[in-house]
Amino acid sequence: MVSPLVERFLKYVSFDTQSDELTNMTPSTPGQMVFAKFLKDELEKLGLQEITLDDYGYLMATLPANTDKPVPTIGFIAHLDTSPDMSGKNVKPRIVKNYDGNDIILNDKENIVLSPEKFPELLNYIGEDLIVTDGTTLLGADDKAGIAEIITAIEYLLQHPEIKHGKIRIGFNPDEEIGMGAHKFDVKLFGCDFAYTMDGGAVGELEFENFNAASAKVTIRGRNVHPGYAKHKMINSMRVATQFIVMLPRWETPEHTEGYEGFYHLVGIQGTVEETVLTYIIRDHDRARFESRKREIEHLVNKTNSEYPGSTSVEIKDQYYNMREKIEPVMHVIELAEKAMREAGVEPKVQPIRGGTDGAQLSFKGLPCPNIFAGGENFHGRFEYVPVSSMEKAKEVIVNICKDLAE
């Protein structure tokens, strides 16, 4: 017999909600709207109020206050989409009961193994129940665990009216994984004094610093000539692209950085002799270094053009900025979350996000919005898993925040 939280989560991951940055639509994929409509029906059955779902897939709802005391309006936010990095279709989750610390065979046929040798964090969860994939898809804990935790916490508050709380708003949005989640989020309609995204990783994470982020699309145009007669005529755009790639610092990549260290990350290559497109993401916590990284990309484009005139262009787009400057003036929202975690028996781990959340953009839109753990590990790939106890703790933290704020 699984808990209501686990039951919800297992249902939610059955929805295929991968986002896609190439469609230029909101939501970027139809599955996200299908999932949003399902959640809307669920919220209506729970009896929530002020439920809205707009044409862009932004779902909001209210749990009214049950106290006459003046209490700030608080929000909890999670995203509908899963990462485009790996398929989220036909997810087949499995519960590993009482994990024993050994290898977990995800897929015997394809020899896909979740091993503590490669993922030592697994050893933190010996004796706990883990939800894993079958190795052919991601799981979707990022961020369907967050959605399940929020709704289950709201359900718990409805079932326990003795727990006093102010007005609580919940919001679920599309396209966080492609950096667009907050772009059409109506902060005024949401109407909160502050909020939290339930979109962090391992239990205890509490984050109010994130990367400054940009994307860079480098286009290299070649010249195709019959290879038998190509001397001094052909320009192979793919060969030029490889020259460009190796000019960026080898050690400033995700696999060689940690903590506050930034990076350049090549996320896509599409090429023929005639044209090659390189897609990068640029990340750094420090704003000055972030701007320097963008200038470096532009410098290398100019350098490439000096050897192959007119061949190379770049389009750089800022995606989001470090929310720290917006949270520091309202640090009581961090202190409230820390208190709620400790009451749940969780030691807060305040650390920078090596990524971004919708909360970063929302903070710059006037809604202070730090990030709390949802509990999952190894997001965006076949080795993703989530401990059941971590999800239960996240739900408890949400309830405690609402209770403590009213007190």
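Before reading further, recall that the structure is shown in the block above.
Residues numbered from 1 in each chain as written. Predicted model: local features only at pLDDT ≥ 70, side-chain atom pairs only at ≥ 80, totals over all residues. Heavy atoms only, no water.

Draft legend 1. Broad picture of the environment of P254. Of note, P254 is situated in the loop between α5 (237-247) and β12 (263-271). Judged by its relative accessible area of 27%, P254 is partly exposed. Along the chain, P254 and E291 lie 37 residues apart, while their C-alpha atoms are 18 Å from each other. Dropping the residues within four chain positions of it, P254 is found in contact with F263, Y264 and H265. (Helix = DSSP H or I, 4+ residues; strand = E, 2+ residues; numbered from the N terminus. Buried < 20%, exposed > 50% of the residue type's maximum accessible area, 1.4 Å probe, protein only. Contact = heavy atoms within 4.5 Å.)

Draft legend 2. Here's a closer look at the sheet that holds strand β7 (residues 130-132). Spatial ordering of the open sheet is given by β4-β7-β17, a layout of three strands whose pairing is antiparallel. At either margin of the open sheet sits one strand with a lone partner, and together these are β4 (94-96) and β17 (385-387). Taken pair by pair, the neighbouring strands of this sheet meet at an average axis angle of 25°, ignoring direction. In the sheet, β7 pairs with β17 via three bridges, with the strands oriented antiparallel. Considered in β17, the bridge of V132 is made with Y385. (Pairing = 2+ DSSP bridges. Axes fitted to C-alpha atoms, helices over the stretch in contact; angles between N-to-C directions.)

Draft legend 3. Broad picture of the packing of α5 against helix α6 (residues 287-307). Viewed as axis vectors pointing N to C, α5 and α6 meet at an angle of 140°, and their least axial separation amounts to 11 Å. One finds that α5 runs oblique with respect to α6. In the packing of α5 onto α6, the handedness of the crossing is right-handed. Each of V240, Q243, F244 and M247 in α5 lies in contact with α6, whose residues at this interface are I297, L300, V301, K303, T304 and E307. A per-class count over the contact of α5 with α6 returns six nonpolar, two polar and two charged. (Parallel < 35°, antiparallel > 145°, perpendicular 65-115°, else oblique. Left-handed = near helix turned anticlockwise from the far one by under 90°. Nonpolar A, V, L, I, M, F, W, Y, C, P; charged D, E, K, R; others polar.)

Draft legend 4. Geometry of the nonpolar core. In terms of nonpolar packing, the biggest core is built from 71 residues, with F9, F76, F172, Y196, I372 and I401 touching the most fellow members. Take this core: its biggest share by element is 10 residues, from helix α10 (residues 388-406). Setting aside anything within four residues of it in sequence, one finds I372 in contact with Y196, T197, M198, D199, G200, E205, L206, A337, M341, V397 and I401. Counting residues in hydrophobic clusters, the runner-up holds 18 residues, among them V218, I220, L278 and V301. (Core = buried A, V, L, I, M, F, W, Y, C linked by side-chain atoms within 4.5 Å.)

Draft legend 5. Representation of unusual backbone geometry within the structure. That bond from T26 to P27 is cis: its omega, -5°, falls within 30 degrees of zero. Inspection of the secondary structure puts P27 in the loop between α1 (4-12) and α2 (30-46). In this model, N90 sits at a positive phi of 55°, which is unusual for a non-glycine residue. The residue N90 is located in the loop between β3 (74-79) and β4 in this model.

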